[in-house]
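What follows is each chain in one-letter form.
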2 protein chains.
Amino acid sequence: MGLIVQKFGGSSVADAKRVFHVADIVTKTYAKGNNVVAVVSAQGDTTDDLIAKAMEINGSPSKREMDMLLTTGEQASAALLAMAIEKLGYPVVSLLGWQAGFVTNSVYGSARIKRVDPERIRKEIDKKNIVVVTGFQGINRYDDMTTLGRGGSDTSAVAIAAAMHADLCQIYTDVEGVFTADPRKVKNARKLDAISYDEMLELASLGAQVLNNRSVEMAKKYGIELEVLSSMNDRPGTIVKEAAKMEGMLISGVAKDEDVARVSIIGVPDRPGLAFKIFSKLASKNINIDIILQSVGRNGTKDISFTVSHENSKETIAILAPYIEQIGADKVVYDEDVAKVSIVGAGMESHPGIAAEMFGALYEANINIHMISTSEIKISVLIDCKDADQAVSVIHEKFFDKPVKA
Amino acid sequence: MGLIVQKFGGSSVADAKRVFHVADIVTKTYAKGNNVVAVVSAQGDTTDDLIAKAMEINGSPSKREMDMLLTTGEQASAALLAMAIEKLGYPVVSLLGWQAGFVTNSVYGSARIKRVDPERIRKEIDKKNIVVVTGFQGINRYDDMTTLGRGGSDTSAVAIAAAMHADLCQIYTDVEGVFTADPRKVKNARKLDAISYDEMLELASLGAQVLNNRSVEMAKKYGIELEVLSSMNDRPGTIVKEAAKMEGMLISGVAKDEDVARVSIIGVPDRPGLAFKIFSKLASKNINIDIILQSVGRNGTKDISFTVSHENSKETIAILAPYIEQIGADKVVYDEDVAKVSIVGAGMESHPGIAAEMFGALYEANINIHMISTSEIKISVLIDCKDADQAVSVIHEKFFDKPVKA
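It should be emphasised that the depicted structure is a prediction, and the values quoted were computed from it without experimental measurement. (Residues numbered from 1 in each chain as written. Chains lettered and ligands numbered in written order. Predicted model: local features only at pLDDT ≥ 70, side-chain atom pairs only at ≥ 80, totals over all residues.)

Glancing now at the relation of the copies chain B and chain A. Laying chain B over chain A is done by rotating through 180° and shifting 0.1 Å along the axis; what remains is an RMSD of 0.1 Å. Expressed as an axis order, the relation between the two copies is that of a two-fold axis. For chain B, the minimum C-alpha distance to the rotation axis belongs to T72 of chain B and amounts to 2.5 Å. Most of the interface of chain B is mirrored in chain A, where 100% of its interface residues are also at the interface. (Least-squares fit on C-alpha atoms with pLDDT ≥ 70 in both. Contact = placed C-beta atoms within 7 Å.)

Interfaces are often described in size by the accessible area the parts lose on coming together. Counting residues at the interface gives 26 residues for chain B and 26 residues for chain A. Top element by residues in the side of chain B that touches chain A is helix 3 (residues 63-87) of chain B. It accounts for 14 residues. The residue inventory of the side of chain B that touches chain A, partitioned by class, reads 14 nonpolar, six polar and six charged. (Helix = DSSP H or I, 4+ residues; strand = E, 2+ residues; numbered from the N terminus. Nonpolar A, V, L, I, M, F, W, Y, C, P; charged D, E, K, R; others polar.)

Here we take up the sheet that holds strand 18 (residues 338-344) of chain A. All names here are of chain A. Strands sit in the order 13-18-20-19 across an open sheet of four strands; the sheet is antiparallel. Unpaired on one side and paired on the other, strand 13 (253-257) and strand 19 (371-375) mark the two borders of the sheet. For this sheet, the mean angle separating the axes of adjacent strands, direction not counted, is 20°. Two elements, strand 19 and strand 20 (residues 378-384), share five bridges in a ladder whose sense is antiparallel. Bridging from a neighbouring strand, S375 pairs with K378 of strand 20. Each of strand 18, strand 19 and strand 20 is contacted by helix 10 (residues 354-364), which is oriented at about 20° to strand 20, the strand it contacts most. Along the sheet face, helix 11 (residues 388-401) touches strand 13, strand 18 and strand 20 and points at about 15° away from the line of strand 18. (Pairing = 2+ DSSP bridges. Axes fitted to C-alpha atoms, helices over the stretch in contact; angles between N-to-C directions.)

The next thing to look at is the sheet that holds strand 6 (residues 130-134) of chain B. Strand pairing in a sheet takes place through backbone hydrogen bonds and is either antiparallel or parallel in direction. All names here are of chain B. Reading across the sheet, the eight strands line up as 3-6-2-1-9-11-12-10 and stay open at both edges, with mixed pairing between neighbours. Pairing within the sheet leaves two strands with one partner each, and these edge strands are strand 3 (92-95) and strand 10 (194-196). Going from strand to strand, the sheet's axes swing by 20° on average, the running direction of each strand aside. Alignment of strand 11 (residues 226-230) against strand 12 (residues 238-241), held across three bridges, turns out to be antiparallel. Directly across from E227, in strand 12, lies its bridge partner I239. The strands touched by helix 5 (residues 152-163) are strand 1 (3-8), strand 2 (35-40), strand 6 and strand 9 (168-173); relative to strand 1, the strand with the most contacts, the crossing angle is about 175°.

Moving on, we get to the confidence of the model for chain A. Detail in the predicted coordinates should be disregarded across regions flagged by low pLDDT. Residues with a pLDDT of 70 or more make up 97% of chain A, whose mean pLDDT is 90. The ipTM, which scores confidence in the relative placement of chains, is 0.80 for this predicted complex, and the corresponding pTM is 0.81. (pLDDT = per-residue confidence, 0-100.)

Residues and elements named next belong to chain B. Along the polypeptide, R112 turns up in the loop between strand 4 (102-104) and strand 5 (113-116). Since 15 C-beta atoms lie within 10 Å of it, R112 is described here as partly exposed. With 47 residues separating them in the primary sequence, R112 and A159 have C-alpha atoms 11 Å apart. With residues near it in sequence (within four places) discarded, R112 still touches T104, N105 and V107. (Buried ≥ 20, exposed ≤ 12 C-beta atoms within 10 Å, placed from the backbone.)

It is worth spelling out helix 7 (residues 213-222) of chain A at this point. Every buried residue of helix 7 of chain A is accounted for by R214, S215, V216, M218, A219 and K220 of chain A. Immediately beyond the C-terminal end of helix 7 of chain A, within one or two residues, lies G223 of chain A, with a positive phi of roughly 65°.

Here we come to the pairing of strand 6 of chain B. Residue and element names in this part refer to chain B. Burial runs high along strand 6: five of the five residues are buried. Here strand 6 shows no split at all, with I130, V132 and T134 on one side and V131 and V133 on the other all buried. Across four bridges, the pairing between strand 2 and strand 6 is parallel. Residue pairing across strands places V39 opposite V133, the latter belonging to strand 6. Both strand 3 and strand 6 contribute to a ladder of four bridges, which runs parallel. Among the inter-strand pairings, L95 is bridged to a residue of strand 6, identified as V133.

The structure is reproduced here in structure tokens:
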């Protein structure tokens, strides 16, 4: 008995049969006496289809119009889910992002939620309605439609859960929960019963792609307990919560991220502030950089390497190219055939030998490490893309086949 | 130089090529120094496809959710048209019905516009933007999406033209204008240069289906000059305006309507008020009745016949069946194999011989008349459906092959 927010991704509502399956989950939760808010993404490939339709007309449409187009996707799936719930005989109402009170900034295509005013949701819940809300979208101060960017529906769900002080936020996906490694690639990968927000954050940003990063940040900020579970079966998923509430496990998972490119600026003069200027320039264009490595080059110069996503690699080069001459560096080069492999674990802090074990596993497998980055609960290495799957396997074997409990 | 509202139907924006053709019309109008508001329907068969998708899930979804689903159609086409206009290098913004200020009542599926607050449109025009507005939709007092019903985009266009005091409202369709009869059926049918609001109203309600009736009513009320024209060529269309401003022509057109069923209540006792009660009952269910004929039945009873659309015929029978016994009538029967053929002409009033000429043409062709209805500018006959095309031909020949000028 309580308020439960349930989020269903595009594959969970891809066709009429799946829409009914989701309606079944939602109405069963409601029938147990809970209030339910269901957040839905666009059906299946709808978003990609809409993008293709736009591209046929204009290769670089304004992002405002793109959002106007894309927001139709969740609107349709929300209406269809509501119709399925009606068909099952339950009271329901679907709401668009703006009706549900999602106010965002004006960065079309990847807007950030400024606030959620859940007055209308509350009103509908008071009327005993199941509320279906379109994920991924909101409205800005100009009353224009915005989208939160890919994976934004997770964030929508958590934002509603936070604004409504929900008891639980369930994220239904096509996987059964969070695993110690990608179960399609690593045969001994195990589902975790629980994971901390911080570990989940590292895993999400490392390409595990189970949960959208911003949604986990928000859940952490507001203390919303998440459950990641499959819409295909009734098994319990993985709970994401405060580390303090968890039984400690040394390492929670091994993740691989192939969406990474290494950019190197060769021969940067050894003057103070140059690195700062370079990274400020990229930050001002909203380009996220990840692992940074500074090494000594020839003749007292430095080489500065860092990683960006594939999406940003060409833009990064374009931004830096004219700048290279200006600062007196030699050239800028990039390499997309790299991958980042990482281990994440809240227990890592108090066990200093973890990094050595990880590097040992890679050494034994003859895998060369280009760059290393560590945080309190994460160790990442940049390696050749071709070695990535093997790297995940040998690291997973090292830590999980004879698991070390903290 | 002025403000022009241009409305484009679903077939005019059916695919990328046609969207660009529309973008071309709009931007050429803008390039001549006009402010332009373009009102669009959903692309091609989108609305039907969405309805089919809903039916797969729920055979009788709530109309609220249906409107939530259907309004995605124009939203997508408005965004795509805006992208095409951007591609041509013009400043543009697309607006949803509610952004454009369309406030409607809450009759989902066939809402009526209560008012248009065109503040946002005005603001965008002040910024020199071409404004693309979704037709067919608005928002009600609960902030929920509503649709105006089929053909509602015409009404949207006229409502904007009225609210903005536009200089002209152009309705682009797949025909070149208003004809004296259906040009696909009657080979000598001619395009009219101009027609009065009242004549157009009669023609629209008679199945000519060139313009939505409510849009013509609204144009008449606010004195908005309409032009019906083809998006496929550059030829001038038909102007719809005040009768006072027109050169009089005796008859403007001959129309056929096959979406008509005759309902007869047999053996109604001859008591005052019964007919009133019957028609009130139907009116309370929003069933429009058209031609009414009351005739003497057996034993001092009356037979009351009237016509309704096919869509309403079964419901009419369902409403009346239990009522028949109560009022002491014998039975209610209906016939869908009938058609209404009508002539319309503002000049008719002052020429009493018109009806006789029309009936004469039908008599000569051996066509039997079941019911007759006349107004100041219209004469309609109900005949067998099989005779309808021939009836239109012989009447058209009578009046137009040797046209009688007023």
